[in-house]
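Chain by chain, the residues:
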Amino acid sequence: MTETPGTLLAALRAEPPLVQCLTNYVAMNIAANVVLAAGASPAMVADVEEAEEFAGIAGAVTVNIGTLSPPFIAGAKAAIAGASAAGHPWVFDPVACQATSYRRRVAADLVALKPTIIRGNASEILSLAGEASSGQGVDGRDPVAVAEDGARRLAEESGSVVAVTGETDFVTDGARAVRIEGGSPLMPMNTALGCSLTCLCGAYAAVSSDPFDAAVGALAHFAAAGARAHEKAEGAGTFAPHFLDALQAVTPEALDAEAVIHNVAEVTS
Ligand SMILES: Nc1ncnc2c1ncn2[C@@H]1O[C@H](COP(=O)(O)OP(=O)(O)O)[C@@H](O)[C@H]1O
Ligand SMILES: Cc1ncsc1CCOP(=O)(O)O
Ligand SMILES: [Mg+2]
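Residues numbered from 1 in each chain as written. Chains lettered and ligands numbered in written order. Predicted model: local features only at pLDDT ≥ 70, side-chain atom pairs only at ≥ 80, totals over all residues. Heavy atoms only, no water.

As annotated in an unreviewed UniProt entry, the protein chain is Hydroxyethylthiazole kinase from Rhodobium gokarnense. Within the UniProt record for the protein chain, the comment given under Sequence similarities (unreviewed entry) is "Belongs to the Thz kinase family." Quoted verbatim from the Cofactor (unreviewed entry) field of UniProt, the annotation for the protein chain is "Mg(2+)". (UniProt positions renumbered as here; feature names shortened; annotations may be inferred.)

Below, the structure is given as structure tokens:
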């Protein structure tokens, strides 16, 4: 990795990027707080009337289909057009894309628009890769390990970096791959933390020259903050404020020291 998570965190805090987050109703507030605590600047600007123009001034766009509707998708496509025209990264979160034919269709349409990074749980990534998925609505029900081959193939076919999250995260661009350890089992008990991580991927992508490093950086930041918060939390409820505190408190040096990142050997079959 040319840019370590700590190097990217230092860059993000030195010049906080503006991140245009088109996310769902559930995630709107927590995702903004997560991006702010990490050190960047979120803006939930989603309407078709202004989404394309705003993408020209944002460092990155993130699109999440958690509570999708035709007007939301129109705004998302406008924002993606604006980001693409400006040469800015955009990140896709295919929430519950396995659940309905509408979601499957919209997710495939958005993948065709070449996201810089795709971030989802294992059930969502399996579905995007055309494999059977056990996802229950927005909640992942498949182990990350089962989605690794599909993630590699999806990355090769789409040209996107694919980040699969769960107990141990997996990131690949089709050629490179790493696993990231850390976090807490209390994280999936806090709604919209995955959605918030997608927005943070946008912040890291805005300050990075390599989307693979950006995805690894954002996931490592979550893993380190999640592990720290786990030590202090008494349960799902008290985890949330400790997690925000930890996202803010972790320094670039501590992030590089605490990140547990394993390179995965290339599969040559
Ligand atoms: N069992 C677990 N142990 C540790 N970290 C977890 C666990 N499950 C999820 N996470 C972390 O929670 C965050 C959100 O991931 P995930 O729950 O997979 O996304 P989503 O909310 O989209 O389903 C990621 O940082 C991931 O690493
Ligand atoms: C509960 C819920 N319903 C629609 S979107 C959403 C939030 C999903 O958040 P995450 O994917 O981060 O768990
Ligand atoms: Mg999700």
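Chemist: I'm lost on the state of the cysteines in this one. Help?
Modeler: Formally, a disulfide is one covalent bond, and it connects the sulfur atom of one cysteine to the sulfur atom of another. Here the structure, examined in full by the defined rule, presents zero disulfides. Here Cys-195 stays free of any disulfide, with the sulfur of Cys-199 as its closest cysteine sulfur at 7.6 Å. With no disulfide of its own, Cys-199 lies closest to Cys-21 among cysteine sulfurs, the gap being 3.6 Å. (Disulfide = S-S within 2.5 Å.)

Chemist: In this structure, what is going on with a negative patch on the surface? I would like to understand it.
Modeler: Together, Asp-47, Glu-49, Glu-50 and Glu-53 line one region of the surface with negative charge. Within the element layout of this structure, Glu-49 appears in the loop between β2 (41-43) and α3 (51-57). (Patch = residues over 30% accessible without salt bridge, like charges linked within 9 Å, V, L, I, M, F, W, Y side chains within 5 Å. Areas by Shrake-Rupley, 256 points an atom, 1.4 Å probe, with all protein chains shown as cover. Salt bridge = Lys/Arg side-chain N within 4 Å of Asp/Glu carboxyl O. Lys, Arg positive; Asp, Glu negative; His and termini not counted. Charge placed at Lys NZ, Arg CZ, Asp CG, Glu CD. Helix = DSSP H or I, 4+ residues; strand = E, 2+ residues; numbered from the N terminus.)

Chemist: When you look at the side chain of Thr-165 in this model, what are you seeing that I'm missing?
Modeler: Looking at the element boundaries, Thr-165 is found in strand β6 (residues 161-165). Given the relative accessible area of 13%, Thr-165 is considered buried. A distance of 2.8 Å separates a polar atom in the side chain of Thr-165 from a polar atom in the side chain of Arg-119. Discounting residues that sit within four places of it in the chain, Thr-165 has contacts with Arg-119, Gly-120, Asn-121, Ala-122, Val-144, Leu-197 and Leu-219. (Buried < 20%, exposed > 50% of the residue type's maximum accessible area, 1.4 Å probe, protein only. Polar contact = N/O pair within 3.5 Å; in protein donor to acceptor, adjacent residues only side chain to side chain. Contact = heavy atoms within 4.5 Å.)

Chemist: Can you walk me through the packing of helix α2 (residues 28-38) against helix α8 (residues 193-206) in this structure?
Modeler: Working note: a packed helix pair is described by the angle between its axes plus the distance between those axes. The contact between α2 and α8 brings their axes to 8 Å, and the two run at 45°. By the angle class used here, α2 and α8 are oblique. The interaxial crossing formed by α2 with α8 has right-handed handedness. Counted together, Ile-30, Ala-31, Val-34, Val-35 and Ala-38 of α2 and Leu-193, Ser-196, Cys-199 and Leu-200 of α8 form the full contact between these two elements. (Axes fitted to C-alpha atoms, helices over the stretch in contact; angles between N-to-C directions. Parallel < 35°, antiparallel > 145°, perpendicular 65-115°, else oblique. Left-handed = near helix turned anticlockwise from the far one by under 90°.)

Chemist: I tried to follow the environment of Thr-2 on my own but got confused; where do I start?
Modeler: Along the chain, Thr-2 turns up in the segment before α1 (5-14). C-alpha of Thr-2 to C-alpha of Asp-210: the two residues are 208 residues apart in sequence and 8.5 Å apart in space. Polar contacts involving the side chain of Thr-2 include one to the side chain of Asp-213, which spans 3.0 Å.

Chemist: For this particular structure, what's the right way to read the pattern of salt bridges?
Modeler: One side chain can pair with another of opposite charge once the charged atoms of both are near each other. In the structure shown here, the tally under the stated rule is seven salt bridges. For Arg-153, the salt bridge is made with Glu-131, and the minimal N-O distance between the two is 2.9 Å. On the criterion of sequence distance, the pair formed by Arg-153 in helix α7 (residues 144-158) and Glu-131 in the loop between α6 (122-128) and α7 is long-range, its members being 22 residues apart. One salt bridge in this structure joins Arg-179 and Glu-148, with 2.8 Å as the shortest N-O distance. Here Arg-179 is found in strand β8 (residues 177-181), whereas its partner Glu-148 is found in helix α7, with 31 residues between them in sequence. When its relative accessible area of 10% is taken as the criterion, Glu-148 is described as buried. What emerges from the salt-bridge pattern is a single network uniting Asp-173, Arg-176 and Asp-210.

Chemist: I tried to follow the UniProt feature "binding site: ATP" (unreviewed entry) in the protein chain on my own but got confused; where do I start?
Modeler: Annotation from UniProt places "binding site: ATP" (unreviewed entry) at Arg-119 and Thr-165. The named residues occupy 47 residues along the chain; their greatest pairwise C-alpha distance, 7.5 Å, places them in one compact cluster. Within the secondary structure, Arg-119 sits in strand β5 (residues 117-121).

Chemist: Please clarify how a nonpolar patch on the surface should be interpreted in this entry.
Modeler: Where nonpolar side chains cluster on the molecular surface, the patch consists of Tyr-25, Val-26 and Met-28 and spans about 330 Å² of accessible area. You can see Met-28 is positioned in helix α2.

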